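# Topology and contacts: notes
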Amino acid sequence: MTTPLHGQMMDVPLTVSSLLAHASRHFGTTEIVSKRIEGDVHRYTYRDCEKRAKQLAQALIALGVEAGDRIGTLAWNGYRHLETYYGTTGFGAVCHTINPRLFPDQIAWIINDADDRYILFDTTFAQLIDRLAQRCPRVRGWIVLTDDEHLPAMRSPTPLVSYETLLEPHDGTFDWPLLDERQASYLCYTSGTTGNPKGALYSHRSTVLHALGASLPDAMGLSSRDSVLPVVPMFHVNAWGIPHAAPLTGAKLVFPGNHLDGESLFELMETERVTCSNGVPTVWLGLLNYMKEAGVRFSSLQRTGIGGSTCPPAMLRTFEDEYGVEAIHGWGMTEMSPIGTLATLNWDQSQRPPEEQRRLRENQGHVIYGVDMKIVGDDGRDLPWDGVAFGELHVRGPWVIERYFQKDDSPLVNGWFPTGDVATIDRDGFMRITDRCKDVIKSGGEWISSIEVENLAMAHPAVAEAACIACAHPKWSQRPLLVIVKHKDVEVTRDELLALYEGKVAKWWIPDDIVFVNELPHTATGKLNKLKLRELFRDHVLPLQREVPNCPHSKRGAAGSGSTPAPE
Ligand code: ADP
């Protein structure tokens with residue numbers, strides 16, 4: 001056996017602190033602007049940010065926090081939260097971002113599961129902390145992300161201290177230690193729509209590689225000429241990596257705090273000359289509605305990243321046709337740090353007719369370097385990339401989870417992570433999510449894509465939100481039921497909506513019934529809560545008069561589809 005010839009390059013670890021150190025040194029005067037909870041705007045630079053992050057590291061070390069200890073945050077997007085990202089990970093502690101929109105029971109469970117040493121929280125969450133503190137006895141202290149002047153009146157937690165008072169005795173003279181790049185950096189829990197949430201523990205290496213991937217031109221395409229506003233919360237999968245990709249590229253950062261209504265977002269985008277912004281479809285809906293009503297237009301925004309759940313095609317069109325803003329649809333998940341795919345077109349695709357390009361861009365798109373994917377049928381075999389066969393999407397890569405925090409069993413299947421999403425992949429490697437495995441509707445053993453059915457409904461101007469769920473059926477086992485929230489001022493009937501499907505989808509995909517409701521249930525991350533919806537409609541009786549046309553794929557259609565016999 002010959003020993004391998006190793007390269008002779010420096011073995012510099014990829015650490016999270018190196019991102020901020022780079023920004024501070026090379027983009028030291030670039031601004032970080034934050035709308036504060038109090039309503040005023042705070043601005044400072046990457047250089048200031050690094051100094052304060054170092055002060056925080058000194059303060060936490062003085063409190064006895066050690067490498068590997070978890071520090072929780074319950075906070076909006078803002079400069080103090082950013083300092084916490086770096087002031088914890090920078091010396092080897094783990095930054096554990098907690099979603100405040102979860103139920104208090106779940107939050108307490110998560111804090112205890114993570115074994116958080118300290119929790120840093122925004123003043124808006126004071127009451128929540130009051131309810132939680134007793135139930136989290138191992139938390140040593142609660143730090144309010146404010147100064148003494150703005151400390152909220154609180155009942156319980158001791159010791160309670162303001163963030164500014166904590167930082168004050170420290171001068172920021174501190175060298176980031178050279179950590180092992182495989183050390184843990186961040187801990188993010190999935191939302192736990194079914195069962196208890198599960199923790200994904202990122203490493204320094206995975207965080208930095210993800211930030212590099214996220215910055216690429218066919219991903220967020222960030223540069224030092226950008227002003228980027230993450231609307232996606234820093235408690236939701238690290239705001240999709242923007243707090244790392246921005247210092248890496250030198251982009252200006254603009255934080256909206258808790259001011260997430262359409263008008264506030266629009267004003268901040270305009271005053272800070274924002275060029276790029278990212279968020280879930282629900283947020284964009286609010287912004288677009290406001291802009292339509294107010295009759296205003298963007299003057300600096302060039303592109304938006306839309307992900308977290310399927311982006312309704314109508315939204316992509318509105319951004320592009322009405323406002324000239326490129327809208328990029330992306331897919332990912334907590335277990336993937338989160339970026340997996342993005343729907344930007346390659347050279348060949350961008351030469352195709354405009355309508356085809358649009359249809360392609362409604363997909364979830366291609367992977368970025370660092371992620372590999374495949375689709376797998378019920379029998380565990382790989383399915384072809386023909387844009388037709390659909391099966392469970394499996395992924396792997398250096399920023400994909402290997403196992404969950406505190407869990408011994410590996411979720412991997414032959415070295416790949418099963419995402420729980422159902423997808424097709426076409427010849428160009430463009431992926432399209434058709435469903436979550438658990439949301440798929442199986443009619444006579446054949447799969448119906450609830451997302452396709454919802455997208456068609458969403459294209460009607462009267463439809464504000466649509467959810468398609470499986471409803472029990474005596475003959476076909478399940479049939480699709482469409483639940484609609486209507487815009488207040490536009491009328492539409494059930495039959496008009498059903499007519500939308502004629503000629504657009506296979507007849508047996510057309511919903512058996514449509515129900516109008518005032519609102520739909522959502523999860524803590526703003527996604528449709530189909531589990532709850534299925535519970536609500538468990539006893540719904542479908543109209544019997546409707547005949548279900550025979551399924552054309554009567555002997556198992558698309559590879560990997562249903563497991564029970566198809567209707568004959
Ligand atoms: P949770 O909702 O559990 O917090 P994530 O935020 O990690 O978890 O959500 C990941 C899931 O969100 C994906 O597995 C997928 O089902 C869904 N998702 C994310 N982006 C998209 C998208 N662009 N289109 C469709 N579904 C998406």
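Residues numbered from 1 in each chain as written. Predicted model: local features only at pLDDT ≥ 70, side-chain atom pairs only at ≥ 80, totals over all residues. Heavy atoms only, no water.

## Here's the deal with the sheet that holds strand E25 (residues 513–517)
Cut-off, in case you're wondering: Strand pairing is assigned whenever DSSP detects at least two bridges linking the two strands. The helix count covers DSSP runs of H or I at least four residues long, the strand count covers runs of E at least two residues long, and both are numbered beginning at the N terminus. Between the N-to-C directions of two axes lies an angle of 0 to 180 degrees, each axis being a line fitted to C-alpha atoms and, for a helix, fitted only over the stretch in contact. The contact criterion used throughout is that any non-hydrogen atoms of two residues lie within 4.5 Å.
Read across the open sheet, the 3 strands follow the order E23-E24-E25; overall the sheet is mixed. Looking at the sheet topology across the chains shown, the edges are occupied by strand E23 (463–473) and E25. The sheet shows a mean angle of 30° between the axes of neighbouring strands, direction not considered. By the bridge criterion, 5 bridges tie strand E24 (residues 477–486) to E25 in an arrangement that is parallel. The residue of E25 that forms the bridge with leucine 482 is isoleucine 514. Sheet strands in contact with helix H13 (residues 450–458) are E23 and E24, and its direction is about 145° off that of E23.

## Side note on the site of the ligand
In plain terms, the rule: By convention in these notes, a residue is near a molecule or strand provided one of its non-hydrogen atoms lies within 4 Å of it. Distance and chemistry together define a polar contact, namely a pair of N or O atoms within 3.5 Å, with one atom able to donate a hydrogen and the other to accept it when in protein, and with adjacent residues in sequence counting only for side-chain atoms on both sides. Note on areas: Shrake-Rupley, 1.4 Å probe, and residue coverage restricted to the protein chains presented here. Residues were grouped as follows: Ala, Val, Leu, Ile, Met, Phe, Trp, Tyr, Cys and Pro as nonpolar; Asp, Glu, Lys and Arg as charged; and all remaining residues, including Gly, as polar.
In the vicinity of the ligand lie 16 residues, with Gly330, Thr334, Asp421, Arg436 and Lys527 positioned nearest. Threonine 310 places a main-chain nitrogen or oxygen 3.3 Å from a nitrogen atom of the ligand. Between a nitrogen atom of the ligand and a side-chain N or O atom of glutamine 364, the distance comes to 2.9 Å. In the complex, the protein chains occlude 89% of the 570 Å² of accessible area that the ligand would expose alone. At 4 residues, strand E14 (residues 326–332) tops the list of elements feeding residues into the shell around the ligand. A breakdown of the residues in the shell around the ligand according to their chemical character gives 2 nonpolar, 11 polar and 3 charged.

## Quick look at the pattern of salt bridges
Put simply, the rule reads: A side-chain nitrogen of Lys or Arg and a carboxyl oxygen of Asp or Glu constitute a salt bridge if their distance falls within 4 Å. Throughout, exposure labels follow a simple rule: accessible area from a 1.4 Å probe, protein chains only, divided by the maximum for the residue type, with under 20% read as buried, over 50% as exposed, and the rest as partly exposed.
Applying the stated criterion across every chain yields a total of 34 salt bridges. Its salt-bridge partner being arginine 80, residue glutamate 164 comes within 2.9 Å of it at the nearest N-O pair. Taken as a pair, glutamate 164 in helix H6 (residues 163–167) and arginine 80 in helix H3 (residues 79–89) lie far apart in primary sequence, 84 residues in all. No difference in accessibility class separates glutamate 164 from arginine 80, as the two residues are buried.

## Side note on the packing of aromatic side chains
Under the convention used in this document: Pairing of aromatic side chains here covers Phe, Tyr and the six-membered ring of Trp, requires ring centres within 6.5 Å, and sorts the geometry by plane angle: under 30 degrees stacked, over 60 edge-to-face, intermediate tilted. Charge-over-ring contacts are defined here by two conditions on Lys NZ or Arg CZ: a distance within 6 Å of the ring centre and an angle within 35 degrees of the ring normal.
Overall, the coordinates contain 11 aromatic pairs when judged by the stated rule. When the centroid spacing of 6.0 Å and the interplanar angle of 65° are considered together, the rings of tryptophan 76 and phenylalanine 235 count as edge-to-face. Highlighted residues: tryptophan 76 in the loop between strand E3 (70–74) and H3 and phenylalanine 235 in the loop between strand E10 (227–230) and helix H8 (242–249), separated in sequence by 159 residues. Ring centres 5.7 Å apart and planes at 85° place the aromatic pair phenylalanine 174 and tryptophan 176 in the edge-to-face group. Comparing phenylalanine 174 with tryptophan 176 shows no difference in burial state: the two are buried. Members of the aromatic cluster, each reached through a chain of ring pairs, are Phe266, Tyr290, Phe298 and Tyr323. The aromatic ring of tyrosine 404 is capped on one face by lysine 198, whose charged end is 4.7 Å from the ring centroid.

## Details of the state of the cysteines
Selection rule: The definition used for a disulfide is geometric: two cysteine sulfur atoms within 2.5 Å.
In total, this model carries 0 disulfides according to the counting rule given. With no disulfide of its own, cysteine 49 has cysteine 95 as its nearest cysteine by sulfur position, at a separation of 13 Å. The thiol of cysteine 188 is not disulfide-bonded; the next cysteine sulfur, from cysteine 95, is found 8.1 Å away.

## A word on the domain arrangement of the protein chain
Put simply, the test is: For the domains described, the bounds stem from an automatic or database domain assignment. Throughout, buried area stands for the accessible area (probe radius 1.4 Å) lost by two parts on being put together, summed over both.
When the domains of the protein chain are assigned, the result is domain 1 (13–216) and domain 2 (439–536). On a C-alpha basis, the centroid separation for the pair domain 1 and domain 2 is 40 Å. Taken together, the contact pairs 6 residues of domain 1 with 5 residues of domain 2. Summed over both sides, the interface of domain 1 with domain 2 buries roughly 410 Å², with 67% coming from carbon and sulfur. Our count for the contact surface shared by domain 1 and domain 2 stands at 0 salt bridges. Tallied by class, residues from the side of domain 1 that touches domain 2 come to 1 nonpolar, 4 polar and 1 charged.

## With respect to the side chain of aspartate 226
Of note, aspartate 226 is situated in the loop between helix H7 (204–215) and E10. On the accessibility criterion, aspartate 226 (7% relative accessible area) is buried. One polar contact links aspartate 226 to threonine 275, side chain to side chain, over a distance of 2.6 Å. For aspartate 226, the residues in contact, after removing those within four places along its chain, are Gly221, Ala251, Lys252, Thr275, Cys276, Gln302 and Arg303.

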